[in-house]
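Listed below, chain by chain, are the residues.
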Amino acid sequence: MRPKIPFLLLAAMLFFIPGSLFSQRKTIAGSVRDQQSDEPIPFASVQLKNATAGSLTDSLGKFVFSYSSTGGDTLLVTSVGYNPLAVVLPKYQDSTSIEIKLAVAQVGKEAVVKVKFNRALWLWNRIIKNKYKFDPAQFENFSYEIYNKLELDLINVDQEKLAGKRLLKPFNFILQNIDTTEGKPFLPVFLTETLSDFYVQHNPRRTREIIKASKTNGIENESVTKFLGGTYQNVNIYLNYIPVLDKQFVSPFHERGDNYYNFKLLDTQYLNNKRLVHLRFTPKSKGGNTFEGDCWVVDSSYAIQKITLRPSVEANINFVEKLTLIQEFRLVNDTTWFLSKDRFVVDISPMGKSRGGFKGRKTATYRNVALNQESIAAILKENKKPEQVDVLPDAEIHTDSFWVQSRHEKLNKNESDVYKMIDTIQSIPAFKKYNDAITFLGTGYKNIGNYRIGPWYNWVSGNLQEGTRVRFDLATNYKFNQKLFLHGYLAYGFGDKKFKGKAEIFVLPKKHPRFYLYASYSKDRDFAQNYYDEVSTDNIFSLAIRKSGVPVKYLSLEEKRFEAFKETNFGLSFLLEVTHKQYDPLMNLPGKLLFSNNIPGDPLRNFETAIRFRFAYMEKFIENSFYRTSLGSELPVVELRVNKGWAGVMRSSYNYHKVSGSISDYLKIPPFGSFYYNLFGGRVFGTVPYPFLEIHPGNEIYYYNKYAFNMMNRFEYISDRYAGFNVEHNIGNGLFKYIPITRKLKFRQFWSAKGLIGGLSTANRNLNFVGNQSFATLNDKVYLEVGTGVDNILKVLRLDFIWRVLPQPLPKEQNKRFGVFASFKVGF
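Residues numbered from 1 in each chain as written. Predicted model: local features only at pLDDT ≥ 70, side-chain atom pairs only at ≥ 80, totals over all residues. Heavy atoms only, no water.

Participant: What am I meant to see in the overall build of the chain here?
Facilitator: Across its full length, the chain carries ten helices and 42 strands. A burial count over the chain gives 48% of its 828 residues as buried. Of the roughly 41,900 Å² of accessible surface on the chain, 58% is carried by carbon and sulfur atoms. (Helix = DSSP H or I, 4+ residues; strand = E, 2+ residues; numbered from the N terminus. Buried < 20%, exposed > 50% of the residue type's maximum accessible area, 1.4 Å probe, protein only. Areas by Shrake-Rupley, 256 points an atom, 1.4 Å probe, with all protein chains shown as cover.)

Here is the structure:
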């Protein structure tokens, strides 16, 4: 018979046996990432609320640990600078894998404790004293392989709302790719990749990037491919200022960074047997272009191992909801820390935080770093220009297997799906239809086969001379010929019942360095659009913004023109011009019959040759098939122009010489904003009618013109000798940052000044001051106008308040003393 165990003894045994013998052993693993940037958060605390278990994330933001549990539990995740998060764990799973996203905490006003010895400030001072050791400029030369990845997502995507849109029904399959793992729904729509070898030498300064592979989703534009490489995307955290979009922000490691930031020590950790100190920084004042964030500092060398930067909450930057800049560094030898990863993530919401917007993610990783090598110097010695970007011929035709082997990091699921989605979209007829419609509305142009029509905003306009004016343009596009561009337009005025038009041919045998030939014939009103008028009178938008009481002045111009342009690799260019012009004044200007005496040819007809020398060192451009837009030069742009008029050639009537020149620059002067200046002057040698003198640019509409004298009318002053200046200082938020309401509205402050001194010889005065002339001369006196105003109103509007200081207007011309002008500008 089996012995029985008394019930009380059994209960006592069960009571004293450890509960762990009956609990279940579970494992939990996962990662902790930044909700906005998707960047791993190292050394975050991951702890269970009930069980005594937990860990810190590693340098890659990953964690794993085991624990004993008889039921469910809650995971508490905390990290400095982030909102804490509680995650309820499932009860009945033996193992759990979880990805956790933490949101950045709002930076509050921290109490600054004054102590005799501030260890955080001491550490910052050691970083400043040693930062020259980690600045790449210390090396004679260096090179690396760089992998660049750029992704664009749509954010705040309302799947149900979009699915019900009739126009979007052909694209409903795209909505299956909407991701909600980052808090807000987003839809990846664009991805580009480039792989390059990059070489740098500091004395003399030379760089070369060789783009070995590029995957750009059908963007067939070499200049865009170059900008997606590494040449134009480097950020050096050790410099005093760090570029963010088009702004300059004060670096935490500015030499006087303690004037801008508060510093605080948080904790220490070990990575690869090196002790890292966690340093946090926050702005001292509101409204400045400063960051908040943190960094890990190697305490033995004071090198930065990782840094995270975010613009301060009230930084004066438009449309940006969130922005994060992360850089990681690694040892390439026993003492040298070099950039290993660079990540930039920005959420742009043009219509507001709750509306749809864009998320841009740019990641660059660096491998195969070489320092101070003779082979690098040898490669750079072969440069044709100081800063050279080469795209290999087969860069855009690599296979998927090549990219799988060559990428520095594997694509995630969203990134892989983007390529499949884009290929599918481009095969849908509705996509091309919608894309063409948006392009036509936005740019004014529409491609039809090998040809292009537009811009549509020139189709209908009007003026006193022509009445209602209609115009139609027709041009070839890149499909017609990649080196030949043909364009022409025909216009008709229902008031003067006359046709006008233009025909031009542009030949581009070579893009780099640029060489082109150009010829044109035109017969139309002279709109004086070259360089000065940002808004011409030949479009529908100028009809409602003209100043009242200002006589309208019109000239008709028949012109034949030939140009030859040649550029060198170092920014020096030469332009040769030959022109044959016939002017015919139409309204409120002296007529050509007043200039018909004692001339060998026709009045107001000239034949002119000119040569222009222009130097713009390392000027950068964005190019399309034929034309290009300058992005600026590292040094001031210098121009010198010499013109010669030839009497007797093709019935021309005037012999003269002209010499003119200018020097201009756009300077970023952080923390005081940006400064533009243009110094110019010239001289006309000879006696000629007013169209061939210097007609100082005026503005007769209420849209502000940066390059004209806005309180001066067109044809108000003419000169045969002149010198002047144009300066504008955009301060940024300036005084507005001290006023809460204007700081919140992100108003910006600026001032401008434009001056001119000019004169007219007695011979030119006697020739031109005839008939119903509306112009005068400054008589070697000064014209001066100054202005200030408010920029960034509603993020797009600028108001200029302009005072005409000299010469003082007549009592009956008080409207010339002060004016208010508006203009629109979209920018960050």
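Participant: Would you explain unusual backbone geometry in this entry?
Facilitator: What is expected of a backbone is that most residues other than glycine have negative phi and most peptide bonds are trans. Between G454 and P455 the backbone carries a cis peptide bond, its omega angle lying at 15°. Looking at where P455 falls in the secondary structure, it is placed in the loop between strand 22 (451–453) and strand 23 (460–463). At the junction of H512 and P513, the peptide bond is cis and its omega measures out at -15° in the coordinates. Along the polypeptide, P513 turns up in the loop between strand 26 (498–510) and strand 27 (515–525). Despite not being glycine, F319 has its phi angle at roughly 65°, a positive value. Structurally, the position occupied by F319 is in the loop between strand 16 (303–311) and strand 17 (320–331).

Participant: Quick question: what am I supposed to make of the packing of aromatic side chains here?
Facilitator: The description of an aromatic ring pair rests on the distance of the ring centres and on the angle between the ring planes. The tally for this structure, following the rule as stated, stands at 44 aromatic pairs. Between Y144 and F198, the aromatic rings sit 5.4 Å apart at their centres with planes inclined by 15°, giving stacked as the arrangement. With Y144 in strand 8 (residues 141–155) and F198 in strand 9 (residues 186–202), the pair connects residues that are 54 residues apart, well separated along the chain. Just as Y144 is buried, F198 falls in that class too. Positioned above the aromatic ring of F621 is the side chain of R628, whose terminal nitrogen or guanidinium carbon lies 3.7 Å from the ring centre. The ring of F750 has R798 lying over it, and the distance from NZ or CZ to the ring centre is 3.9 Å. (Phe/Tyr/Trp six-rings, centres within 6.5 Å; stacked < 30°, edge-to-face > 60°. Lys NZ or Arg CZ within 6 Å of the ring centre and 35° of its normal.)

Participant: Quick question: what am I supposed to make of the pattern of salt bridges here?
Facilitator: Where charged atoms from two side chains of opposite charge approach closely, those side chains can pair. For the structure on display, the rule yields 49 salt bridges. Among the ionic pairs, R361 bridges to D153, the shortest N-O distance being 2.8 Å. Here R361 is found in strand 19 (residues 357–371), whereas its partner D153 is found in strand 8, with 208 residues between them in sequence. Residue classification places R361 among the buried residues on the basis of a relative accessible area of 6%. Using a relative accessible area of 0% as the deciding quantity, one classes D153 as buried. E577 serves as the salt-bridge partner of R641, at 2.2 Å between the closest nitrogen and oxygen. (Salt bridge = Lys/Arg side-chain N within 4 Å of Asp/Glu carboxyl O.)

Participant: Whenever I open this one, empty space enclosed by the protein confuses me. Can you help?
Facilitator: Here the idea is plain: a probe the size of a water molecule rolls over the atoms and shows the empty space left. Evaluation of the coordinates by the stated rule reveals three cavities of 30 Å³ or more. Each pocket or cavity is described by its volume, and for the second largest cavity that value is around 160 Å³. As for the second largest cavity, its lining consists of 17 residues, of which I41, P42, Y82, D294 and T308 are closest to the centre. The set of elements that each furnish at least two residues to the lining of the second largest cavity consists of strand 15 (291–298) and strand 16. Among the elements that make up the lining of the second largest cavity, the one with the highest residue count is strand 16 (four residues). Of the residues in the lining of the second largest cavity, the class split is nine nonpolar, three polar and five charged. (1 Å grid on protein atoms, 1.4 Å probe; cavity = no way out; pocket = protein on both sides within 12 Å on 5 of 7 lines; lining within 4 Å. Points joined across faces, edges and corners; volume = space filled by probe spheres on them. Nonpolar A, V, L, I, M, F, W, Y, C, P; charged D, E, K, R; others polar.)

Participant: Explanation requested: the layout of surface pockets in the structure shown.
Facilitator: Volume-wise, the second largest pocket comes out at about 1,200 Å³. Forming the boundary of the second largest pocket are 44 residues, of which E39, P40, L60, K341 and E409 lie nearest the centre. Contributing elements (two or more residues each) for the lining of the second largest pocket: strand 7 (95–102), strand 8, strand 14 (274–283), strand 16, strand 17, strand 18 (337–348), strand 19 and helix 7 (413–426). For the lining of the second largest pocket, the element with the highest residue contribution is strand 19, accounting for six residues. Among the residues making up the lining of the second largest pocket, the classes are represented as twelve nonpolar, ten polar and 22 charged.

Participant: Looking at this structure, I do not really get the sheet that holds strand 5 (residues 74–78). What am I missing?
Facilitator: Backbone-to-backbone hydrogen bonds join strands into a sheet, with any given pair of strands oriented parallel or antiparallel. If you trace the four strands from one edge of the open sheet to the other, you get 3-2-5-6, paired in antiparallel fashion. Edge positions in the open sheet fall to strand 3 (54–56) and strand 6 (85–88), since each of these has one partner strand only. Sheet twist, expressed as the average angle between the axes of neighbouring strands with direction ignored, equals 15°. Taken together, the three bridges between strand 2 (residues 45–48) and strand 3 define a ladder with antiparallel strand orientation. If you follow S45 over to strand 3, its bridge partner there is L56. (Pairing = 2+ DSSP bridges. Axes fitted to C-alpha atoms, helices over the stretch in contact; angles between N-to-C directions.)

Participant: Whenever I open this one, the side chain of R471 confuses me. Can you help?
Facilitator: Along the chain, the position of R471 falls in strand 24 (residues 467–476). Within the structure, R471 has its side chain in polar contact with the side chain of D473 (distance 2.9 Å). (Polar contact = N/O pair within 3.5 Å; in protein donor to acceptor, adjacent residues only side chain to side chain.)

Participant: What is the right way to look at the pairing of strand 31 (residues 620–623) in this model?
Facilitator: On any regular strand, side chains alternate: one points to one face of the sheet, the next to the other face. Inspection of the sheet shows strand 31 paired to strand 32 (residues 628–632) by four bridges, in the antiparallel sense. Across the sheet, K620 pairs through a bridge with G632, a residue of strand 32. Where strand 31 hands over to strand 32, the hairpin turn is made up of four residues, counted between the paired strands.

Participant: What's the story with the environment of Y457 in this structure? I'm lost.
Facilitator: With respect to the secondary-structure elements, Y457 resides in the loop between strand 22 and strand 23. Using a relative accessible area of 28% as the deciding quantity, one classes Y457 as partly exposed. A sequence separation of 14 residues divides Y457 from T443, and the C-alpha atoms of the two residues are 9.6 Å apart.

Participant: In this structure, what is going on with a nonpolar patch on the surface? I would like to understand it.
Facilitator: A contiguous nonpolar patch, built from L572, F615, L635, V638, I663, L679 and F725 and spanning about 500 Å² of accessible area, is present on the exposed surface. Assignment of secondary structure puts F725 in strand 38 (residues 721–732). By relative accessible area, which is 30% here, F725 ends up partly exposed. (Patch = residues over 30% accessible without salt bridge, like charges linked within 9 Å, V, L, I, M, F, W, Y side chains within 5 Å.)

Participant: It is not clear to me how the side chain of E577 should be interpreted in this structure. Could you clarify?
Facilitator: Position of E577 relative to the elements: it lies in strand 29 (residues 572–587). Taking the relative accessible area as the measure of exposure, E577 reaches 9% and is therefore buried. Those residues in contact with E577 that lie beyond four places of it in its chain are R561, F562, E563, E608, T609, A610 and R641. (Contact = heavy atoms within 4.5 Å.)

Participant: Just to check I follow, could you spell out helix 8 (residues 429–443) for this structure?
Facilitator: Residue pairs three or four apart in sequence face the same way in an α-helix, which turns once every 3.6 residues. With 15 residues, helix 8 should reach 21 Å at 1.5 Å per residue; the first-to-last C-alpha distance of 21 Å fits that figure. Of the residues trailing helix 8, G444 is marked for its positive phi of about 95°. (Expected span 1.5 Å × (residues − 1).)

Participant: For this particular structure, what's the right way to read helix 2 (residues 119–130)?
Facilitator: Look at helix 2: 17 Å from first C-alpha to last across twelve residues, which is about the 16 Å you get at 1.5 Å a residue. Buried residues of helix 2: A120, L123, W124, I127, I128 and N130, and no others. Taken together, the buried residues of helix 2 touch strand 13 (261–271), strand 14, strand 15 and strand 16. If you check the start of helix 2, you find a side-chain oxygen 3.0 Å away from the backbone N of A120, and it comes from N118.

Participant: Mind showing me how you'd approach the nonpolar core here?
Facilitator: The nonpolar side chains of a soluble globular protein tend to be buried with one another. Counting 55 residues, the largest nonpolar core has F253 and I304 as its most contacted members. Ranked by residue count, the leading element in this core is strand 18, at six residues. Setting aside residues up to four positions removed in sequence, F253 forms contacts with W124, I127, I128, K131, I237, Y238, N240, C295, I304 and I307. Of all hydrophobic cores here, the second largest spans 19 residues; its members include V46, A51, Y67 and Y82. (Core = buried A, V, L, I, M, F, W, Y, C linked by side-chain atoms within 4.5 Å.)

Participant: Where do I start with the environment of F685 in this structure?
Facilitator: Of note, F685 is situated in strand 35 (residues 674–685). Each C-alpha atom of the pair F685 and V659 lies 8.4 Å from the other, and the pair is 26 residues apart in sequence. Those residues in contact with F685, other than ones at most four positions away along the chain, are Y656, H657 and V659.

Participant: Would you take a moment to explain the environment of R743 for this structure?
Facilitator: Checked against the element boundaries, R743 lands in helix 9 (residues 740–745). Owing to a relative accessible area of 16%, R743 belongs among the buried residues under this scheme. When the C-alpha positions of R743 and E314 are compared, they lie 7.4 Å apart, and in sequence the two are 429 residues distant. Setting aside anything within four residues of it in sequence, one finds R743 in contact with K286, G287, E314, F736, K737 and Y738. Polar side-chain contacts of R743 include one of 2.7 Å to the backbone oxygen of K737.

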